[in-house]
Structure formats: structure tokens, C-alpha cells
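Take a look at the letters that make up each chain.
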Amino acid sequence: MNSSSSDFSHSTKIMFVKSLRRCLSLLMLTSIHTLRNRTQAFPFATTLRCKLYHPNSSAFAPSISPRVLSSELHSKKLSDVENDLNGASLRKLTVKELKEKIKQLNVPVKLSKLKLKSDCIDFLTQYYKTNSLDNNDIAVEKELDNKVTPLRRTRIRAMPRLDSSLGVEPNDDQGVSSPKDIIFDKVLKRYPPLRLLYESSDDEKNLNDALSAHMHPSAYKSFTGLGEMDVRQKYHPMLTNMTSSDLDLVTVGTASCVPGITRGVSCTALRLQWRRNQGNKMKGKGTSATTPSTGGIWIFDCGESTQLQIQRTGSIRPGKISKIFITHAHGDHSFGLPGLMCIMGQDRDREGPPLEIYGPEGLRTWLRICIRYSVSRIVPPYRVHELMDIPMAPEWNQGRMKNGRYFYRDDTRSVGYRNEMWGVKGLAGEDQISWITRAPMINLEPSTQFGEIEGGRDIYPRYDHPKCVDGAPIWEVEDEGDVKVYAAPMSHGVPCVGYVVEEDSKPGRLRNDIVEPIVKRNILALKEGGMRTPMKIMAVIKDLPEGASYTFPDGTVVRQNDVVEPARDGRKVVICGDTADARAIAGLAEGADVLVHESTNAFLSGIDKDTNKAEVARDAKIHGHSTPGIAGDFAKQIGAKRLVLNHFSSRYKGDQSLESISIMTRIEQEAIKASGLKEDKVAAAWDFMILPIPSN
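Residues numbered from 1 in each chain as written. Predicted model: local features only at pLDDT ≥ 70, side-chain atom pairs only at ≥ 80, totals over all residues. Heavy atoms only, no water.

## Brief notes about the pattern of salt bridges
Note the cut-off: Salt bridge criterion: a side-chain nitrogen from Lys or Arg within 4 Å of a carboxyl oxygen from Asp or Glu. Helix numbers and strand numbers start at the N terminus; a helix is a DSSP run of H or I with at least 4 residues, a strand a run of E with at least 2. The classification of residues rests on relative accessible area computed with a 1.4 Å probe and restricted to protein chains. Under 20% of the type maximum is buried, over 50% is exposed, and intermediate values are partly exposed.
Applying the stated criterion to the full structure yields 28 salt bridges. Between Arg-271 and Asp-248 there is a salt bridge whose closest N-O contact spans 2.8 Å. Remark: Asp-248 occurs in strand β1 (residues 247-253) and Arg-271 occurs in strand β2 (residues 267-272); sequence separation between them is 23 residues. Classification of Arg-271 by relative accessible area gives buried; the value is 14%. Asp-248 sits in the buried class, given a relative accessible area of 5%. Residues joined in a network through salt bridges with shared partners are Lys-186, Arg-190, Glu-668 and Glu-679.

## Side note on the pairing of strand β4 (residues 321-325)
Each regular strand carries side chains that alternate between the two faces of the sheet. Stated precisely, the cut-off is as follows: A pair of strands counts as paired when DSSP detects no fewer than two bridges linking them. We call a crossover right-handed when, viewed with the strands running away from us, the connection from the first strand over the helix to the second turns clockwise.
Burial analysis of β4 places five of its five residues in the buried class, the great majority of the element. Taken together, the four bridges between strand β3 (residues 296-300) and β4 define a ladder with parallel strand orientation. Within β4, the residue paired with Ile-297 across the bridge is Ile-321. A crossover links β3 with its parallel partner β4, the connecting element being helix α13 (residues 306-311), and its sense is right-handed. Sheet topology places β4 next to strand β5 (residues 355-360); three bridges connect them, and they run parallel. Looking across to β5, one finds that Lys-323 is bridged to Glu-356.

## Topic: unusual backbone geometry
At Asp-470, a residue that is not glycine, the phi angle is positive and equals roughly 55°. Note that Asp-470 resides in the loop between β9 (458-459) and β10 (475-479). If you check the backbone angles, Phe-688 has positive phi at about 70° while not being a glycine. As for its position among the elements, Phe-688 is in the loop between β18 (682-684) and β19 (689-692).

## A look at the layout of surface pockets
The condition is simple: Only protein atoms enter the 1 Å grid used here. Points where a 1.4 Å probe fits but cannot escape make up a cavity, open sets with protein on both sides within 12 Å along at least five of seven lines make up a pocket, and a residue lines them when an atom lies within 4 Å of a point. Grid points are joined across faces, edges and corners, and a volume is the space filled by probe spheres set on the points. Gly is put with the polar residues, along with every residue not named as nonpolar or charged; the nonpolar set is Ala, Val, Leu, Ile, Met, Phe, Trp, Tyr, Cys and Pro, and the charged set is Asp, Glu, Lys and Arg.
The computed volume of the largest pocket comes to approximately 780 Å³. In terms of lining residues, the largest pocket is bounded by 24 residues, among which Val-95, Lys-180, Gly-606, Ile-607 and Arg-666 are the most central. At the level of secondary structure, the elements contributing two or more residues to the lining of the largest pocket comprise α4 (95-105), α7 (179-190) and α25 (658-675). When its residues are assigned to classes, the lining of the largest pocket shows nine nonpolar, seven polar and eight charged.

## So, the side chain of Thr-268
Short version of the rule: Any two residues having at least one pair of non-hydrogen atoms within 4.5 Å are treated as being in contact.
Note on placement: Thr-268 falls in strand β2. If we skip the residues at most four places from it in the chain, Thr-268 touches Leu-249, Val-250, Val-252, Trp-298, Ile-299, Phe-300, Asp-301, Ile-575 and Asn-646.

## What to know about a nonpolar patch on the surface
Our working rule: Within the patch definition used here, like charges are joined within 9 Å and nonpolar side chains (Val, Leu, Ile, Met, Phe, Trp, Tyr) within 5 Å, considering only residues with over 30% relative accessible area and no salt bridge. The Shrake-Rupley method, run with a 1.4 Å probe sphere, supplies the accessible areas, and residue values consider only the shown protein chains as cover.
On the surface, Ile-369, Tyr-373, Trp-435 and Ile-442 cluster together into a nonpolar patch covering about 430 Å² of accessible area. With respect to the element layout, Tyr-373 can be found in helix α16 (residues 363-373). For Tyr-373, a relative accessible area of 73% gives the class exposed.

## Describing the packing of α7 against α25
Put simply, the rule reads: A fitted line through C-alpha atoms represents every axis, and for helices the fit uses only the stretch in contact; the resulting angles, taken between N-to-C directions, go from 0 to 180 degrees. Comment on the angle field: the value is read as roughly parallel under 35 degrees, roughly antiparallel over 145, roughly perpendicular from 65 to 115, and oblique elsewhere.
At a minimum axis distance of 9 Å, the contact between α7 and α25 shows a crossing angle of 100°. Our classification of the angle between α7 and α25 gives roughly perpendicular. For the pair α7 and α25, the contacting residues are Ile-183, Phe-184, Lys-186, Val-187, Leu-188 and Arg-190 in the first and Leu-658, Glu-659, Ile-661, Ser-662, Thr-665, Arg-666, Glu-668 and Gln-669 in the second. Residues of the contact of α7 with α25, tallied by class, amount to six nonpolar, three polar and five charged.

## Focus on the sheet that holds strand β15 (residues 572-575)
Pairing is mixed in the open sheet, where seven strands are placed in the order β10-β11-β12-β15-β16-β17-β18. The open sheet is flanked by β10 and β18, the only strands paired with a single partner. Neighbour to neighbour, the strand axes of the sheet diverge by 15° on average, direction disregarded. Sheet strands in contact with α25 are β17 (643-646) and β18, and its direction is about 145° off that of β18.

## Things to note about the pairing of β19
Going residue by residue along β19, you find Met-689 and Leu-691 tucked away on one face and Ile-690 and Pro-692 tucked away on the opposite face as well. Of the pairings in the sheet, the one linking β1 to β19 comprises four bridges and is antiparallel in character. Looking across to β19, one finds that Leu-249 is bridged to Leu-691.

## Let's talk about the environment of Arg-509
Here Arg-509 lies in the loop between β12 (497-503) and α18 (512-521). In contact with Arg-509, not counting residues within four places along its chain, are Val-563, Val-564, Glu-565, Arg-568 and Asn-696.

## Thoughts on the packing of aromatic side chains
Two aromatic rings are characterised by how far apart their centres lie and by the angle between their planes. Using the following cut-off: The rule is short: rings of Phe, Tyr and Trp, with Trp giving its six-membered ring, pair when the centres are within 6.5 Å, and they are stacked under 30 degrees, edge-to-face over 60, tilted in between.
All chains considered together, the criterion is met by seven aromatic pairs. An aromatic cluster is built from Trp-298, Phe-300, Phe-325, Tyr-358 and Tyr-499, whose rings are joined through pairwise contacts.

## Some details on the environment of Cys-267
Mapped onto the elements of the fold, Cys-267 is located in strand β2. Between the C-alpha atoms of Cys-267 and Gly-336, which are 69 residues apart in sequence, the distance is 9.4 Å.

## Quick notes on the sheet that holds β9
Taking strand neighbours across the sheet as the criterion, the eight strands line up as β9-β6-β5-β4-β3-β2-β1-β19 in an open arrangement whose pairing is mixed. Either end of the sheet is taken by a strand with one partner, and the two such strands are β9 and β19. With six bridges joining them, β5 and strand β6 (residues 382-387) adopt parallel strand pairing. In the sheet register, Leu-355 faces β6, and the bridge partner there is Tyr-382. The strands touched by helix α15 (residues 337-345) within the sheet are β4, β5 and β6, with β4 carrying the most contacts at an inclination of about 175°. Of the strands in this sheet, β5, β6 and β9 touch α16, which is tilted by about 145° from β6.

Structure representation (C-alpha cells):
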């Protein structure tokens, strides 16, 4: 029994050894196969020396090398080494592929510091030159003995490679710059503080001293300045040569959907720097008297967290807001309204003019419920004017379930829907469970205890307005004498409008160089005639009716047409709501001084994979939104003088980092190409951008 047990144990050991040898043989064969594949990616791949077990023999094969097994493969490996050492093969790879190569090197380097393709190529070339002494067995034996030459610990800068025009000599071995290199160079030329930041040494004091010439200290310490302290406010081409004006635009929030760390959601402010008390000449339901107005600040859309955004800047004072215009009901355009009204009530004279709020049908009841439910008695006196009967665009149809949800009809190859009439879809009563249908049935009367006062108007559309386009209606929203506000429908998934603020024409300027010498020549005679201040006669001449004249005591006749320049056109600002097509507002918007148009998504080659420009545009339209190309096309159609893009996807950050500004610059370039405008006439807005609108 002991003998048989011993034999059994011995045979088991033999079987175990044979199995182990077979496993080792398979492992070595697999290693060689893997090594053959890796030699194409790793020019300094090791030469594996091993003994192979032959399954039909108890002997081991002699030592062999992959190079001996395939001289052709070895030659290819040496060729790859030469190409990688001079960067020829590396330049054919993408940035992502280059970073994968670096990851596989297993060396201590932060990939986040290698921002450009040229940085990755320089790093790999340096590594190969350091670790591959030659193309012979020296490198092979070093690899075999696990004695890899350590990487020289040189600092890899985040600074992109610049050309000689910036005072930095380009690398002759670099070859043609990648598109990312080019856009980074463009951004660094445009914004000197960014260039200083990325060229800086580790000496923080020297960096701060250099930046102090360009930025306010509170901005460059963290490089997160807001409003006037943003680096773009000083160096963006649209703002570089701008001077102050009595009318300007402030982009309080520029994101879509939800607020983020670097962008708030939709909110645009128009600051009317002059004061007026001309009264509201519009009369409507519930009012028979004129409404006093003090100008101030007008807000367009009030998305979630708007009250926080306004508290982050000194450019907007809540107590100076006199009007709020809502484009549509989506939360990123309306959720911030109750909260903003609460902080306005803390800094407002309750005996002064009420806050005027304008928006789509149903807004009055919704706001009344929000304030009453939250017991927000702190809100200022207000009233709501509703834009009634806002139709859906013809290209939007209800789904098969007929539940009030509309879908964009993808007629990219046909424009047949343009022949359909506006004003027949999306109105109150069509969907029995929609808010605009049910809101009038809610029995909740206004209460002055919760801020609401009488005088809110129901503003109905006009289909016979001379500026109507394709049968779309126009709302005459407000008329304050020297400024008028109109609205027109947008192509979106819910009833939505865009607003046009139009300033009346201004009288022409008096030619002082002609009139003043005549007045001075007649100054004594004018005094003798009873005029205490003869120079005031210049104002009388300026206000003469067209074609009239004035005769001075010495017989000089001054005709109004000869000394007064032609009337100057008033300024026009167009603020579109969310839209896939703004064509309905084109008549009102023609010749706009500033067009604010949404640009939710964009196709950026090298960043957006497995898609193309047409597919991105189609997807944007399906969701009721636009791209920079769509915005640029509309700006070209109406002859806009300036284009401001906003309502960006959360993909596009609004901070001052090189990456973020570079992406927004690419978005601007797409709009510039579509619109035909110059680069100083197009801006991808950031939060608290301030754009003065000069007089014509």
C-alpha cells in the first residue's frame, strides 16, 4: 500500500511538472506575440530572451530573441525609433493618442500640464532621446537588465508654443502647428494677462507685478474677476475701443438649463442711463391713465439664481430695476423671478412707481400663486402685463398622444412648413390640461398685501402690423415716448417670444461752427432786443421746423436745413428668446445695433466625436435651440451691426482659463464666418459682460 501510494505520488508530480512546463510554454509564446505587437508602438521595446518548452520533447529549445525570429520586425522597430526621435511619426497622431503613449511609459508626469500637441511631441521626443542611447543592443541589454535611464526631470510648462511674432522662437522640429495650437496662440495674443500667466516662473511676486499692469489686484490674484475685472472686458475685440454710453447691455447670466459655477442661467439687463418721466402712452385693459416711468434697468429673462448673480456684481442695483420681460415659461428663464422680487423689495420705495412685468399668457396667475404660497409680503408693488395668444411656429406639431407636448418637424430638406400660417397652434383652450387653459379658472384675486396692484394689461397680437413676417403676429408691448418695445414669436417647444427695444430717432446736431460766429457778431443787437442770454438763440435755431429760417439783426438769414444735420436713427436692441428659427422677428429686427441670439450648442472638430456640423445643428433645432452658425445666418439676414451669443450649454465653461476662452473663441469664429461680421463685432458672452451701445 505504501509502495502504490509512493508510485501514485511520483506520477502526480511528473504530471504536475509537465503541466507546469506546458503553461510556461504558452505564457512565453503569448509574451512574444504581445511583444511583436508592442514593438510598433514602443520603439525601445525590450528583447525577450527565454527558453521554450517543446511539447514533443523533454528538452528545452535554445535561447532565441524576437529580433532573430523576425528581422523584418526588428528593422521596422529601428525605423520607428528614428521617426519618433525626430517627431515625424508622432506628428501624425492626435493629442489623445499621444497622451495614451505617455500613459504607457509609466513615468511621473501630469498629463493636465501637456495641453498642446506640440507639448506632447516635445515630451516624447525628449524621453526617447534620453532613454534610447542608440539603436543597437545597448538599449536592449539595458532594458533586459531593468536599468532604464531615468527621465530628466525638466519642467513641462502649460504654456503653448508661440511663434516668433510673440518674441518666442518656434521649434524647427515642431512642424505644422495643430488647430489647437493655432487657437491657443490666437487667444494668448489677444489677452496679454493670460500669456503672462502661462509664461510665468514660480515667482508669484514677479507674476503679480506683471499682471498689475493689466488687471485689478482683486482679479488677478485668483484670475476669476467678474464684470469689469474679467480679462475679456478689457481685451476682447468688441470692447477694446468702446467708450461709455447712456445705453448699455449687461449679460447677467449666459448659461442654459441650470446655473453652474462659472455661468448663471438666462438673464440680460439693459441699462437706460438717462431718466425720464414722460409717462406710458399705451392704454389697455384695466388702466385709463398714463403710467409714470423712471427708466432705470430693464431685465430680460430671470432664470434660477438670478438674485444671486445680481448680488455678485455692482453693475446691477436691484432697486433700480423698473421692468422685467420674460420670453417663455421654462425654468431657466423664469424660476428666479420671485426671488429677485424679494431682494428688490428690500431696497425700493414702496410709494414709487410699481415694477412692470411682461411675459406670456399665464404668468400673472403663476406669479400670484408663488408669492402667496411663500407668504412673500416683502416684494415691491408690481403688476403683470400678459402677451396673449402666442402661437407655436408651424414646424412644431403635437405628438400622437395629443397631450400638449410639441415636437419639431425635421423638414431639413423641405421648407413646406413656411407656407403654413402662424396663430393656429398652441393657443389657450387647445389643450384642456395646459396651464394657459386652466390658469383663468383659478379663483385667486390679486392682493396689495402681496404686492400686486391693478393696471395689468392683456396685450393681444397684431397680424396686420407692417413689420409682420410670414404671417407671424407682433405685439406692441410698451411705448414710453422715446423708447418702444415690441415682441414677435420664436420657434421653440413652448410659446416663446423675442423682444425688440427701439429708440426713437434723435434730432440732428446743430452746426456750431456755422451758427456760433453769426450769434457772436450779433450779440449786442440781440441783448438790445431784450434777449438776456443771446447764445440761447442757438437752441431756438436747432428746434426750428424743417425748412424754416431765422433772421439775425444784421440781416443774416439762417435756414434750418443748412445748419442742422439730418436726424439720427435711434438705437435698436434685439433680444431673442430660445429659438430654432427667429425669422418671425426679422422685420422688427432689421438693422439692429445689437442682436442677442442664443447659441446652445456648436460643433467643434477635435472635441466632438462621432458627429458633424449638420448633425449638431439638427439636434439643436429638434430641441428648439440654435448653433453659432444659425445665429450668424440670422444676423446676416437682418443686417445686425453686432452679434452677442448667449444661452450656452453647460459643456462650455465661462471662466477665464485658457481652455475655456479658446473654446468660446472657436464658437465666435463660427458665428463670424456665418454672419460676415468682423471679429470686433461678434462676442460669445460671459457673465457680467458690459457692452456700451453708442449712439448712431
